Amino acid sequence: MISRVEYLTLKARVEEEFANLKRLESALKKLKLFPNIKTDSLNSLPLSDEVSYRVIGSYLHDYYCGLEKIFLHIAKSFGEGLPAGGQWHKELLEQMTLNIPGVRTALLSKKTLTGLDELRGFRHIFRNAYGFSIDPIREQLLLSNLSGISVSVKKETKAFFKEMDEFILV
């Protein structure tokens, strides 16, 4: 069982990651790309231009990596162990939907998992392929969905900690 100090440390780490995600959201807002896409260009370059979609891809990559750090902190803090092998990113994401009796409740719903898995898949492509192979239409669709993913993850994380507080901090 997680100690009170370990739990409070976990909450502080998660809050720090959400602050980093907020910085990414603020940067995307300045570019008129969040919470909705309100532009068709970045610095006079169309969103379909390679430079533009590399920039957008970088933000989407960073956003998913920030979320994954939260999932890693939670898995480590509750002593669940981390998945191994070539599919560990996907398995970690799926692990966050599990209710583990006596350990923790589920962090994410299956619905939220779907949007996050698409973002995870994009992150994989962005990290492992040449930037010119990015599909700008798919990327813009992910960017359009980012606000909904953000709202869902924040809401579900808040509910997770509210429920866990009752078990650990009482």
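Rules and cut-offs
Residues numbered from 1 in each chain as written. Predicted model: local features only at pLDDT ≥ 70, side-chain atom pairs only at ≥ 80, totals over all residues. Heavy atoms only, no water. Helix = DSSP H or I, 4+ residues; strand = E, 2+ residues; numbered from the N terminus. Rg over C-alpha atoms; globule rule 2.2 N^0.38 Å. Buried < 20%, exposed > 50% of the residue type's maximum accessible area, 1.4 Å probe, protein only. Contact = heavy atoms within 4.5 Å. Lys, Arg positive; Asp, Glu negative; His and termini not counted. Charge placed at Lys NZ, Arg CZ, Asp CG, Glu CD. Phe/Tyr/Trp six-rings, centres within 6.5 Å; stacked < 30°, edge-to-face > 60°. Core = buried A, V, L, I, M, F, W, Y, C linked by side-chain atoms within 4.5 Å. Salt bridge = Lys/Arg side-chain N within 4 Å of Asp/Glu carboxyl O.

Outline the overall build of the protein chain, supporting the account with residue identities and numerical values.
Summing up its helical and strand segments, the protein chain has five helices and two strands in all. For the protein chain, the succession of helices and strands along the chain, N to C, is α-β-β-α-α-α-α. Taking 2.2 N^0.38 as the reference for a compact globule, 170 residues should give roughly 15 Å; the C-alpha atoms of the protein chain span a radius of gyration of 17 Å, in line with that estimate. Principal-axis analysis of the C-alpha atoms gives the protein chain an extent of 55 × 35 × 25 Å. Put simply, the protein chain has 170 residues, and 42% of those count as buried. By sequence separation, contacts in the protein chain at least 24 residues apart represent 65% of the contacts at least 6 residues apart. Of the side-chain charges in the protein chain, 24 are positive and 21 negative, and the distance between the mean point of each set is 4 Å.

So, the packing of aromatic side chains: which residues are in play, and what are the values?
Scanning the model with the defined rule gives five aromatic pairs in all. With a centroid separation of 5.1 Å and 5 degrees between ring planes, the pair formed by Tyr 130 and Phe 132 is classed as stacked. Taken together, a centroid distance of 5.1 Å and an interplanar angle of 75 degrees make the contact between Phe 160 and Phe 161 edge-to-face. Considered together, Phe 160 and Phe 161 belong to a single accessibility category, that of buried residues. Taken together, the ring pairs in this structure connect Tyr 7, Phe 78, Phe 160 and Phe 161 into an aromatic cluster.

Run through the nonpolar core, naming residues and quoting values.
Phe 71 and Phe 78 are the most contacted members of the largest nonpolar core, which has 43 residues in total. Contributing elements (two or more residues each) for this core: α1 (4–30), α2 (50–77), α3 (88–95), α4 (110–128) and α5 (136–168). Counting residues per element, this core draws most heavily on α2, which supplies eleven residues.

How would you explain the pattern of salt bridges if you had to name every residue and give the values?
Proximity of charged atoms lets side chains of opposite charge pair with each other. All chains considered together, the criterion is met by seven salt bridges. In this structure, Lys 11 engages Asp 165 in a salt bridge whose closest nitrogen and oxygen atoms are separated by 3.0 Å. Residue Lys 11 is located in helix α1, and its partner Asp 165 is located in helix α5; the two are separated by 154 residues in the primary sequence. Judged by relative accessible area, Lys 11 falls into the buried class, the value being 17%. Of the charged contacts in the structure, one is a salt bridge between Asp 117 and Lys 90, with a shortest N-O distance of 2.9 Å. With Asp 117 in helix α4 and Lys 90 in helix α3, this pair connects stretches of sequence that are 27 residues apart. Because the salt bridges share partners, they merge into one network encompassing Lys 90, Glu 94, Asp 117 and Arg 120.

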